[in-house]
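Architecture at a glance
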Amino acid sequence: MDKKLLDILACPLCKSPLVYDKAKQELICKADRLAFPIRDDIPVMLEDEARELTLDEVDALHR
């Protein structure tokens, strides 16, 4: 993921900054507990395409 792109992207719902999960190829919004997929190096920033994070995943982000 390009660092410049990551710096300007925000959650489409709440406008919070996103966290890049390289292993899962997702952009994570901690505030909304959503993970947006990255497909073919393109972030898919649609609410319908995002998956909800489990409580364990949210807890792991705060460590």
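As the structure is a prediction and not an experimental result, all values here were calculated from the model.

A closer look at the pattern of salt bridges
- Under the criterion given, the structure shown has 5 salt bridges.
- Residues joined by salt bridges that share partners form a network here, namely Lys 24, Glu 26, Arg 51 and Glu 57.

Quick notes on the state of the cysteines
- The tally for this structure, following the rule as stated, stands at 0 disulfides.
- A disulfide-free cysteine, Cys 14 has its sulfur positioned 3.7 Å from the sulfur of Cys 29, the nearest such atom.
- When its relative accessible area of 30% is taken as the criterion, Cys 14 is described as partly exposed.

Focus on the side chain of Ser 16
- Its place among the elements puts Ser 16 in the loop between α1 (3-8) and β1 (19-21).
- For Ser 16, a relative accessible area of 19% translates into the label buried.

Observations regarding the pairing of strand β2 (residues 26-29)
- Side-chain alternation along β2 places Glu 26 and Ile 28 on one buried face and Leu 27 and Cys 29 on a second face that is also buried.
- Here β1 pairs with β2 via 3 bridges, running antiparallel. Looking across to β2, one finds that Tyr 20 is bridged to Leu 27.
- If you look at the hairpin formed by β1 and β2, you'll find 4 residues sitting between the two strands, and Gln 25 has a positive phi there, around 55°.

Calculation notes
Sequence order as written defines the numbering, with residues in each chain counted from 1. For this predicted model, a pLDDT threshold of at least 70 governs which residues receive local features, and a threshold of 80 or more governs which side-chain atom pairs are given and counted, while totals over whole chains, interfaces and linings are taken from all residues. Working from all heavy atoms in the structure, the side-chain values ignore hydrogens and water. Between Lys or Arg on one side and Asp or Glu on the other, a salt bridge is scored when a side-chain nitrogen of the former is within 4 Å of a carboxyl oxygen of the latter. A pair of cysteine sulfur atoms is labelled a disulfide when the two atoms are within 2.5 Å. To sort residues, take the accessible area from a 1.4 Å probe on protein chains only and compare it with the maximum for the residue type: under 20% means buried, over 50% means exposed, and anything in between is partly exposed. Working definition: helices are DSSP H or I runs of at least four residues, strands are E runs of at least two. Numbering for both runs from the N terminus. Two strands are said to pair when DSSP picks up at least two bridges between them.

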